[in-house]
Structures are given as structure tokens and as C-alpha cells.
Number of protein chains: 2
Amino acid sequence: MNEPTLSDAPRSGAFRLLQALAAGGAEVCFANPGTTEMPLVGALDLLPQLRAVLGLFEGVCTGAADGYARMSGRPATTLLHLGPGLANGLANLHNARRARSPILNLVGDHASWHLAYDAPLTSDIASLARPVSGWYRAIAQPQALQADAVDGLRAAAASPGCVATLVVPVDFQQLPAPEQRAPTQPRPAAPVVDAARVEAVARVLHAGTPTVLLLGDRALSARGQVAAGRIAAATGARLYAETFPARTERGGALPDIDRLPYFPEAAIQALDGAQVVLAGAIAPVAYFGYEGLPSRLAPEDRLQLLAAPGEPADLALEQLAELLQAPRVVPGVAPQQWPVQAGPLTPVAVGRLLSNALPDQAIVSVEGGTCGYPFVTASAQAARHTVLTNTGGAIGQGLPVALGAAVACPDRRVYALQSDGSAQYTIQSLWTMARERLPVVVLITSNRRYGILQTELGRSGIEAGEQSKRLTLLDDPPFDWLALARGYGVPAHTATTTEELQRALAHAQAHTEGPVLIEMRLA
Amino acid sequence: MNEPTLSDAPRSGAFRLLQALAAGGAEVCFANPGTTEMPLVGALDLLPQLRAVLGLFEGVCTGAADGYARMSGRPATTLLHLGPGLANGLANLHNARRARSPILNLVGDHASWHLAYDAPLTSDIASLARPVSGWYRAIAQPQALQADAVDGLRAAAASPGCVATLVVPVDFQQLPAPEQRAPTQPRPAAPVVDAARVEAVARVLHAGTPTVLLLGDRALSARGQVAAGRIAAATGARLYAETFPARTERGGALPDIDRLPYFPEAAIQALDGAQVVLAGAIAPVAYFGYEGLPSRLAPEDRLQLLAAPGEPADLALEQLAELLQAPRVVPGVAPQQWPVQAGPLTPVAVGRLLSNALPDQAIVSVEGGTCGYPFVTASAQAARHTVLTNTGGAIGQGLPVALGAAVACPDRRVYALQSDGSAQYTIQSLWTMARERLPVVVLITSNRRYGILQTELGRSGIEAGEQSKRLTLLDDPPFDWLALARGYGVPAHTATTTEELQRALAHAQAHTEGPVLIEMRLA
């Protein structure tokens, strides 16, 4: 393997582009390339410091980039094949956009002189990219290619982060390109707390106004949560995390901060009559609109901004705690094992057993409500861990995010708590986990249905007939999870009782050479 | 199951919309719904004549719609969940657009009054839809909902067909809606042959100009091919099919019409010096642009239009044959078995064995070059069959198209000749095949690599290093195809020799209760 040299020898645009990204701090490229990306693929051979991770499907790559970005805080890159390749990655880019994850997509395209001929793979990439991209550029000339790459990386890594998309015509990858300006590390904006906002919130709390602190983004760091806990202890303010945070620290003696409920009735009740202080969270709105219920979960005149996403909400909370002279020590929840009765598996038992099993510094990627909610309820008394949730609601996010988190954090154990229906959207993730020897513990809640859709049918007052039953049940045929896992080179076990799940979790934790899948058959 | 009644009782917009589609000729809805589509799901219970087929992933639904539309000639419908659900279906809609398949996507969206609040699943659906949609509309008022649906269906079923996308906010699905104008069957434009073009081509052929007839669309019907064969016999014109036709009839004593070669060097040579008459085909361009090779495979001044896609190219060819007083009988290729040597499996052996095995009126969905080209070469002497290819180059099309073709043609046997790499993009198709008891024979070419990318690396003069090898090899871990198939309820076999493949094909043909998968391990 050659070391990259910065000699005067002519180098391809592909090399120059990746060189600039590597110099700018990019370390991983989640890739599913095709013909128009071959020069970039060849250039990766010369830049081993930019690790290529192959996905069998583009949604695996973009979801993994999201997980990597959330855990590392650094921009992830992807390599995708023209418009259709990008299209396959859009759903998880939608989630990444909502998570404000720094991602730079490299999308290969036809040679610039070939585009006008509308060959079969030609499409309007800009139109596809824009709904998810905070920054978009198609490289228009080979001279500016390194600058384009650095601009994209910097845009992605801004605060808050965003999805950036850079389209790279294959001829500009092939042609020699000069080394341009010295690539510079994207410089994150220095964190600044808005003191006036802190004082305004302090006044509200001093006045005894019933207050909810709604925490998102950096407010859900350990530091942010401890500060929020101090404020709550000093003032009686109630604390909620936003419903689907990109990243939350939890357990390990942190305060138990519940998530704002999913269904609007319960969320409205939770916020009712209170001043809602936004600490890294945006104004809460209903996930879906239901007839007769408002979209805003709290009226606008009750909202007060402490820190927007991307701003240092954790520091703002600390300053607020100091201003309020809040006690320095807050009573957190001591880590403690749940007692779990022997017997059939229920969602509550799954949540508690996983909470019991988590080693210190575990990462849990949660997708699917059936066991997700019970787990988050239970895990306040787990060891210190990080929870990653589905921020944008596009299904198929949990497995790739776990994959990317495992790439970012080789020293931490990663768990993917996943429902059977949602696992199917990006099932190919299992293969990359096996290929990269990532010790992810994949927990599949096997209830053989789209549980949320049956709930929603019920909420709409629709009595399920033959076709709607067929559209919400997954039991004909049932998935054989052991076989699917084996198909991708992942060892697997089935648990149908609490004892079996406990044993399987212990076994999985001892298995550090690669992923393990546990099918959890619910009672 | 209730019969739909057209009483005066108030019906939901969802019911009215589907009622209009059913009255307009829609018979199947390939669906992966979510919360915002629940009223449409409920309404399907009242309209059993509109058959719902569930896909685990949206790309399965859109690819199946394409296969259904190609084989039935009637518009297929899909049901997708907001922007992200549509996004997951875009790659196969890109292929469907290139195939000019009539498809109407129903995309649910937030309640119209909820959209402004930018809830997590909100996205710019129009921007996502436009690159694949010849027709797009977001329903703006419940009163016009049946007319909107009929307009969309009619746009999709125009000649040539297109992908139409109709966005349906959930509140308009829920609210009562009146029955509007009598829904009418979309009226296909009457086929008209342009006599002047026929005469112009006849003059060129009379003059003895070297001529290639490039056949696409309806010219690749049996009728079109027979007429083309007559013209070739009378004039010495050479015949080519376009490289990736949406649908070709083949075998069963039809003339052996080769496809225009994929790589531009060979294609340019095939057309060199000839007048190129476009019969249902568009002007041929290189699939990708390669430095030093032109994008146009034939210069513009050598192109002559006989019939555009959507026009009756088959009838135009017949009129041309008559005008030329071509012989009424053309020597086709008599169906005949290939002799196949016992031994290890090669792509040529696979092509010939499959050609031998095809029953009359089989349908073969081909994706992946490794065995695809050898099969099409071999199958001129097969029984009469229909070949469906990947029209747009977005990978993951072959399995869903086979699925949709099987839904459209329950009396014909369907084969999916598929490469291992491309099968992974929409692997979830296997489950729907099992669920719907579709007797599809899935043939997986297992060479554990992205063969085309290794070819393209070689063409670029790139010597593969460590990372580019890892990005083009699929052997670590190898897929366990028997396990993957079993995971989705599909029985499977492995063939490593010609004898084993022959036996497996015979066994599969006898199995009519559902799909079978055959892993073909190449030597």
C-alpha cells in the first residue's frame, strides 16, 4: 500500500479530492460505488487513512454515516452511484438531516460532456438531493475540486451539522488535477452562550412560573443533563427530553429524564400550563396531525428559547444553574439491576433485561416502539450508556446507525434494539457488520406485525378487514431470523423466555469477534 | 368482506379515490403504507377488486409495479409513506420511467393543516418525485379528489406510459367526499402510423443504403420482430434490439435479433457506416461516457425515425414490409435444445440450460451481466418467451420486476435471472413472492463479486489495491443463499455443475405452489 505523496507528479482529480477530505479530517467512507465512481475507488487505494466500508445497499451506507457522525462528532463521508444510488440513500439522509449529523455525500455522475445525451442512468440529481441537503454542489471544473471538497466538508461540520452533497462527474475524477490551497481542518464555531436568554429563563423560574425544560441536542450530554437536574432540584422545573433525540446519555447515576410522549394527547398534557424552555430542542409539534388536536404541542406564547440546536445548550444550562445557585450535587438514579420474573418475554421484560445487561459505555441504537419505549423507561437505572433514536421517522435506520456507531467507537459495545418490520428495510446491514467484524448485538423484537400501524388503525376507528390485516401482519410466512442472520454470516439465537434472553445476552457480550443476532419472540 | 356500495351514505375521500381508480381499471396496489396512509388501507377492505400486495421495502413495490405494468399493459398503483417512503421507491421508479411503464404512485402525506409545522417526517415530496414523474400532483382540496385520481391514472396510461405521482394528504383521505364525475376508463391514443416516415425509410432501403433497424418498444413484439425479419430478408438491412428493452418477445421461431452491444466500441462498430432507422427506439447513446469515445453511437445525420416510443412501431414495420413487397414468411430460429457438457457451471452453460428449460410463454426477468448476456444469446432457440431487462440501470430491479410479472400473469412461469450483488438491493422481494404464492424461479448467479465493476476498473487502467478489492469483492463473508431464501420462506437449492442445475430447473418447474431459489455457483 503506497503512502500518499504530495510530489509534483500529476495526480487524478479523484486523488486530489479524497486527499483534501482526508486532510480535512474525514476518516471513513461508507461506499456503494458503481462505474462512475471507479477513479475514486482507485484513489482510495492510495489513501488508506480514509477507510472504505462497503454496504450492499445505499441506505446502509447513509444510515451508517449518520451513526458514525453522531458518535464521533466528525463528518462521515459516503460514496454513491449517480441519482439512483443517492435515491436509495435518501431515507436515512432524511433521518440524518433531522439529527443534524455532519455527512458529506460524494455522488459520482456521468462525464460532464456525456450528461446532455440523457443516457439511461442520467437523472436530476439536484432535485433528489436538495430535500435532504443543507449544502449542495455539482463540481463544474476540475481546478476547484479540492476547494469544493473542503467547502462541502466544512458545511457538513458546521454547528449545527448538516448533510452536504457533492456531485463529482467522472471525467473530473479522471483528469489530472493540481494540489490547490492547503486543505484546512473545518473549524467549528466557538460555542457561545447567550447570557440574555439565560437571565430571561432565570427570571421565569425565580417567579415560580410552572416550567418545563425541553432538552435536545447538547442539552442531552451528561453535562447538560446534570445541569438540568440541578435546575429541576432548585426550582421544581420539570424535565423532558425531545421525543426522538439524535443522541442521549443515560444511566450511570444521571437524572431520569423522560422523553416527551409520542402521541399528542399525552404530550399536550405533559406541557399543559407550563412555560416551555427550549434547551437544544425545537418547538415541539405533533408527530402526525390528528383531527381535533393542535399541531403545536405548546402554544407559541409559552415557548422560550434558551439555546437552539447547534448552540451550547449544555453550557447554557450550567450557567443557568449557577445563576439560580442550584445545588452542585443532584440525586441521580443509582445503577441497579431490575428483578425480572422467569417466564415468557414481554416488552417490559425485554427493556429491563437489556438495561441489566448493558456494560458501561454501551451504545444502544433504538428503532421500533414495541420494545423501544419500555427499554428507555427501564434504562434510567442502567450503567452509563448512549441512546441513538430514529430522528426523522424514515424506517430502516436502526441497524445502519448501530453499524456506523460501532465503526466510530471500536472500544464500546453497541446494541441495536430493533423491531422485525423496521429491520427489513436495511437488513443488508448485517453483512457489513459481519464483514467488518463489528461486535454489534442485534436484538430483533419478533412480533410479526407492524405494531404501530395496528395501533394507528385503531386510533382512526378503522376495523381491520381482510386487506388491512394483510397489510399490517408479517406472519405469512414468518421471517426465519436465524436463517437470515446466517445468510449474512452472523451467528444467531432465539429467545422465547426471560431466562433464554438473559443467557443469550450474556453469551453475546462474551462474543467480541463480530456481530450476534438475538431473535426475541414475544409472548 | 363487504361489497362496495354506491349508496348515498357519506364515504371517505380514501374510499372515493380508490373507487375511482378501480373504476378506471386499476387492479393491483403494491403497498408499503404507514400512518398517513391508514384511511386508504382501511378503504381497501371495501374494494377487494383492487388487490393489495405488501412489500417489506418500497423498492420492492415500485419494481413490482413496473413488472406488472410491462406485462399487463395496464397501470399499476403503489401506496407509499410520505417523502421517505417514496424515496425508497425512487430507484425502481427511475427504471420504470426509462421503461415508460404506466404507474400511479399514491403517496400519503401529513394532514394539509399539519404540513407547515415541519414535523419529523415532513419533506419536499415534489422535489423527490419530479425526477421520475411525468405527471405530479398534490391533492389540494377533497372535492376534486376523484378527478385527480383519474387524471393521474390517465397520464400514466398515455402512450408512451409514464410514472405519475399523486400526493394525498391524510385529512383528505379521512373527510367524507362526494362521488364526482363518472370515472372513465383511460382512453389509449389510437395507434397511428406515419406513412411519410414509412415511405422515406422504404426509399433508403430501395436505394441500397446499408441500414440498421434499431428496434425498441412495440417493435420488439412478436409482430414487430416478424415484420423486421421480413424487411431484413428482403433488403439485407441488419437488425438490432436496443440494449436494455423493457420487454422483448424471443424464441419460438422468431428471428434471432441481437441486442446492440453494451460497450460503446462494439456498438459503434455495429452501427458503423449504416443508416440507423429508429423503430420504437430512441437515438442510441453510450451507457457511460468514456474518454475518447463519442456519446452518440451513430451520428445524428445517419438517424432516421420510423416510429417513436409509444407509437405503433410494429404496425409501421408491417407497412414497411408490405411497401417493400417483402416475403411473407421469414426464416425464424426453430426451438431446439442446446447440447450442454457435463461439468462445472459457466455463464455460457447457465444461459443454455435456462434456454433449454423454459416452458412455452415463460417470462424471464434479467438483471446482471454475468449470465444475462449469455442467456440472451442462447435463448433465440428457446420456446417463445418474454424477456424483461433493467431499462434504467438502477440496480435491484430484477427480483421485483419478476414479482410484478408473476402477479400480472398467473398462467405463465416467471424466471428471475439475477446476479448475487444486484439481488441484494431488493432481497426482500423473496418474501412477497412466498407470501403471494407466486411460482417464480429465482436463479442467483453466485460469483461473489461485482463483476461489472472489476471490468470497469480494468477498463480505467486501475490496478486494484487493497481498498478497491474490498469494494468489489463479496466473498467475506460469502452470502449463504440457502439460508437467505429460507429466511423469507422460499425453498432453495445449490447447483455447482451443469447436471445439478438441470435437475434443479426440472424440480423448480414442477413446483407450482410458490417461489424456488437456485443458487448457481460459478466455476
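Residues numbered from 1 in each chain as written. Chains lettered and ligands numbered in written order. Predicted model: local features only at pLDDT ≥ 70, side-chain atom pairs only at ≥ 80, totals over all residues. Heavy atoms only, no water.

**Here we look at the overall build of chain A**
Note the following rule: Think of it this way: any DSSP run of H or I at least four residues long counts as a helix, any run of E at least two long counts as a strand, and we number them from the N terminus. A radius of gyration in this sense is built from C-alpha atoms; the matching globule rule multiplies 2.2 Å by the number of residues raised to 0.38. Relative accessibility under 20% of the residue-type maximum defines a buried residue, over 50% an exposed one, and the middle range a partly exposed one, all with a 1.4 Å probe and only protein chains included. The contact criterion used throughout is that any non-hydrogen atoms of two residues lie within 4.5 Å.
Of the regular secondary structure elements, chain A holds 20 helices and 19 strands. Computed over its C-alpha atoms, the radius of gyration of chain A comes to 24 Å, within 12% of the 24 Å expected for a compact globule of 523 residues. Counting only C-alpha atoms and orienting by the principal axes, one finds that chain A spans roughly 65 × 60 × 45 Å. Classification of the 523 residues of chain A by burial places 64% in the buried group. Once local pairs closer than 6 in sequence are excluded, the contacts in chain A between residues at least 24 apart make up 81%.

**Overview of the interface of chain A and chain B**
Here is the rule we go by: As used here, buried area is the combined drop in accessible area, with a 1.4 Å probe, of two parts when they are placed together. Any Lys or Arg side-chain nitrogen found within 4 Å of a carboxyl oxygen on Asp or Glu counts as a salt bridge. Distance and chemistry together define a polar contact, namely a pair of N or O atoms within 3.5 Å, with one atom able to donate a hydrogen and the other to accept it when in protein, and with adjacent residues in sequence counting only for side-chain atoms on both sides. Side-chain classes are defined by residue name, with Ala, Val, Leu, Ile, Met, Phe, Trp, Tyr, Cys and Pro counting as nonpolar, Asp, Glu, Lys and Arg as charged, and the others, Gly among them, as polar.
The partner chain B presents 99 residues to the 98 residues of chain A that form the contact. Here chain A and chain B share an interface that buries about 8300 Å² over both sides, 60% of which is from carbon and sulfur atoms. Taken together, the connections running from chain A to chain B amount to six salt bridges. For A:R437, the salt bridge identified is with B:D476, shortest N-O distance 3.0 Å. At the surface where chain A touches chain B, the tally comes to 49 residue pairs in polar contact (both at pLDDT 80 or more). Ranked by residues supplied to the side of chain A that touches chain B, first place goes to helix α4 (residues 82-99) of chain A with nine residues. Split into classes, the residues belonging to the side of chain A that touches chain B amount to 52 nonpolar, 27 polar and 19 charged.

**A few points about the side chain of A:H110**
If you trace the backbone, A:H110 turns up in the loop between β5 (103-109) and α5 (125-129). There is a polar contact of 3.4 Å between the side chain of A:H110 and the side chain of A:T122.

**Some points on the packing of aromatic side chains**
We describe a pair of aromatic rings using the distance from one ring centre to the other and the angle between the two ring planes. This is how it is decided: The criterion for an aromatic pair is that two Phe, Tyr or Trp rings (for Trp, the six-membered ring) have centres within 6.5 Å, with stacked assigned to planes under 30 degrees apart, edge-to-face to planes over 60 apart and tilted to the rest.
Going through the model one piece at a time under the given rule, you end up with 23 aromatic pairs over all chains. On the basis of an interplanar angle of 45° and a centroid distance of 5.0 Å, the ring pair of A:Y262 and A:Y287 is categorised as tilted. With a gap of 25 residues between them, A:Y262 in the loop between β11 (248-250) and α10 (264-271) and A:Y287 in the loop between β12 (275-279) and β13 (303-307) connect regions that are remote in the sequence. Among the residues examined, A:Y262 registers a relative accessible area of 15% and is labelled buried. A relative accessible area of 11% means that A:Y287 is categorised as buried. Ring centres of A:Y488 and B:F479 lie 6.3 Å apart, and the angle between their planes is 90°; on these two criteria the pair is classed as edge-to-face.

**As for the pattern of salt bridges**
One pass over the structure, following the stated rule, counts 41 salt bridges over all chains. Across the pair A:E436 and B:R470 runs a salt bridge, and its minimum N-O distance is 3.4 Å. Of this pair, A:E436 sits in the loop between α16 (429-435) and β17 (440-446) while B:R470 sits in helix α18 (residues 466-470), on two different chains. When salt bridges with common partners are traced through the structure, they connect A:R51, A:E436, A:R437, B:R470 and B:D476 into a single cluster.

**Brief notes about helix α9 (residues 222-235) of chain B**
All names here are of chain B. Put simply, the rule is: In this scheme, a helix's expected span is set at 1.5 Å multiplied by one less than its residue total.
With 14 residues, α9 should cover 20 Å at 1.5 Å per step; its first-to-last C-alpha distance of 20 Å lies within 8% of that length. For α9, the complete set of buried residues consists of G224, Q225, A227, A228, G229, R230, I231 and A232. On its buried side, α9 packs onto α8 (195-206), β9 (211-215), β10 (238-241), β11 (248-250) and α11 (313-323). At the C-terminal side of α9, G236 shows a positive phi close to 80°.

**Points about the sheet that holds strand β16 (residues 414-419) of chain A**
Residues and elements named next belong to chain A. Here is the rule we go by: Each pair of strands is called paired provided DSSP finds at least two bridges between the two strands. Orientation is described by axes fitted as lines to C-alpha atoms, over the contacting stretch for helices, and by angles from 0 to 180 degrees between their N-to-C directions.
The strand order β11-β15-β14-β16-β17-β19-β18 describes an open sheet built from seven strands, whose pairing is mixed. Whereas interior strands pair on both sides, the edge strands pair on one side only; in this sheet they are β11 and β18 (492-495). Taking each pair of neighbouring strands and ignoring which way they run, the sheet shows an average axis angle of 20°. Pairing of β17 with strand β19 (residues 516-521), which is carried by six bridges, proceeds in the parallel orientation. Counterpart to V442 in the pairing with β19 is L517. Against the sheet, helix α12 (residues 347-357) contacts β14 (362-367), β16, β17 and β19, and its axis sits at roughly 170° relative to β16.

**Quick notes on the pairing of β16(A)**
All names here are of chain A. Across the six residues of β16, six count as buried, placing the element largely inside the fold. Across the two faces of β16 the burial is the same, with V414, A416 and Q418 and Y415, L417 and S419 all buried. Across six bridges, β16 lies against β17 in parallel orientation. The residue of β17 that forms the bridge with V414 is V440.

**Re the packing of helix α9 (residues 222-235) of chain A against helix α11 (residues 313-323) of chain A**
Residue and element names in this part refer to chain A. We count it as follows: Angle categories: roughly parallel below 35 degrees, roughly antiparallel above 145, roughly perpendicular from 65 to 115, and oblique for all the rest. Crossings are sorted by hand: turned counterclockwise from the far helix by less than a right angle, the near helix makes the crossing left-handed, and turned clockwise it makes it right-handed.
Where α9 meets α11, the axes come as close as 8 Å, and the angle between the chain directions of the two elements is 25°. With respect to α11, the element α9 is oriented roughly parallel. Our pair here, α9 against α11, has a crossing hand that is left-handed. Along the contact surface, α9 presents R223, G224, A227, A228, R230 and I231, while α11 presents D314, L315, L317, E318, L320, A321 and E322. Class assignment of the residues belonging to the contact of α9 with α11 gives a composition of seven nonpolar, one polar and five charged.

**Topic: the relation of the copies chain A and chain B**
As a reminder, the rule being used: To superpose the copies, least squares is applied to the C-alpha atoms of every residue with a pLDDT of at least 70 in both.
Note on the copies: chain A fits chain B at an RMSD of 0.0 Å, the axial shift is 0.0 Å, and the rotation between them is 180°. This pairing of chains is accounted for by a two-fold axis. Comparing interface residues between copies, 100% of those in chain A also lie at the interface in chain B; the contact surface is shared.

**Side note on the environment of B:V285**
Inspection of the secondary structure puts B:V285 in the loop between β12 (275-279) and β13 (303-307). Taking the C-alpha atoms as reference, B:V285 lies 7.9 Å from B:A298; in sequence the two are 13 residues apart. Discounting chain neighbours no more than four positions away, the residues touching B:V285 are A:Y117, A:A119, B:S295 and B:L297.

**What to know about unusual backbone geometry**
Looking along the chain, the bond that leaves A:D476 and enters A:P477 is cis, with omega of -10°. With respect to the helices and strands, A:P477 occurs in the loop between α18 (466-470) and α19 (481-487).

**Topic: the environment of B:Q454**
All names here are of chain B. Its place among the elements puts Q454 in helix α17 (residues 451-459). Under the relative-accessibility criterion, Q454 is labelled partly exposed at 28%. Distance in space between the C-alpha atoms of Q454 and K469 is 8.5 Å, their sequence separation being 15 residues.

**Overview of the environment of A:L453**
Structurally, the position occupied by A:L453 is in helix α17 (residues 451-459). Between the alpha carbons of A:L453 and A:R51 there is a distance of 39 Å; along the sequence they are 402 residues apart. The residues touching A:L453, leaving out its near neighbours within four places in the chain, are A:T472, B:P33, B:G34, B:T35 and B:M38.

**Side note on the confidence of the model for chain A**
Interpretation of this model should avoid reading the predicted coordinates in detail wherever pLDDT is low. Residues and elements named next belong to chain A. Condition: A residue's pLDDT is the confidence the predictor assigns to it, expressed on a 0 to 100 scale.
Averaged over all residues, the pLDDT of chain A is 95; the fraction at 70 or higher stands at 97%. Contacts of residues 1-7 to residues separated by more than four positions or lying in other chains number 15 contacts, the stretch itself having pLDDT below 50. As scored by the predictor, the complex reaches a pTM of 0.97 and an ipTM of 0.96.

**Digging into empty space enclosed by the protein**
In this approach a probe as big as a water molecule rolls over the atoms, and the regions it shows empty are the leftover space. Residue and element names in this part refer to chain B. Selection rule: Space inside and on the surface of the protein is sampled on a 1 Å grid over the protein atoms alone, with a cavity defined as a set of points where a 1.4 Å probe fits but cannot get out and a pocket as an open set with protein on both sides within 12 Å along at least 5 of 7 lines; lining residues have an atom within 4 Å of a point. Grid points are joined across faces, edges and corners, and a volume is the space filled by probe spheres set on the points.
Applying the stated criterion across every chain yields a total of seven cavities of 30 Å³ or more. Within this model, the largest cavity holds a volume of roughly 90 Å³. Surrounding the largest cavity, L220, Q225, A241, P245, T248, R250, I257, R259, V376, V387 and T389 form its lining. Put simply, the parts of the chain that give the lining of the largest cavity at least two residues each are β11 and β15 (385-389).

**What about helix α8 (residues 195-206) of chain A?**
All names here are of chain A. Rule in force here: Note that the arc is computed from the directions linking the helix axis to the C-beta atoms.
The end-to-end C-alpha separation of α8 is 16 Å, in line with the 16 Å expected for twelve residues at 1.5 Å each. For α8, the complete set of buried residues consists of V198, V201, A202, V204 and L205. One side of α8 carries all its buried residues, which in axial view fall inside an arc of 160°. Of the exposed residues in α8, the ones pointing more than 90 degrees away from its buried face are A196, R203 and H206.

**Here's the deal with the nonpolar core**
Quick reminder of the rule: Definition of nonpolar core: a set of buried residues of the types Ala, Val, Leu, Ile, Met, Phe, Trp, Tyr and Cys, connected through side-chain atoms within 4.5 Å.
Counting residues in each nonpolar core, the largest one holds 191 residues, and the members touching the most others are A:F30 and B:F30. Here B:F30 is in contact with B:V53, B:C61, B:A64, B:A65, B:Y68, B:A76, B:T77, B:T78, B:L79, B:L403, B:G404 and B:V407, once residues within four sequence places are set aside.

**A look at the sheet that holds β13(A)**
Residues and elements named next belong to chain A. As summarised here, the arrangement of the four strands in space is β10-β9-β12-β13, forming an open sheet in which the pairing is parallel. What marks the edges here is a single partner per strand, and that holds for β10 (238-241) and β13. Within this sheet the neighbouring strands show an average axis-to-axis angle of 25°, counted without direction. Across the sheet, α8 touches β9 (211-215), β12 and β13, and the angle it forms with β13 is around 135°.

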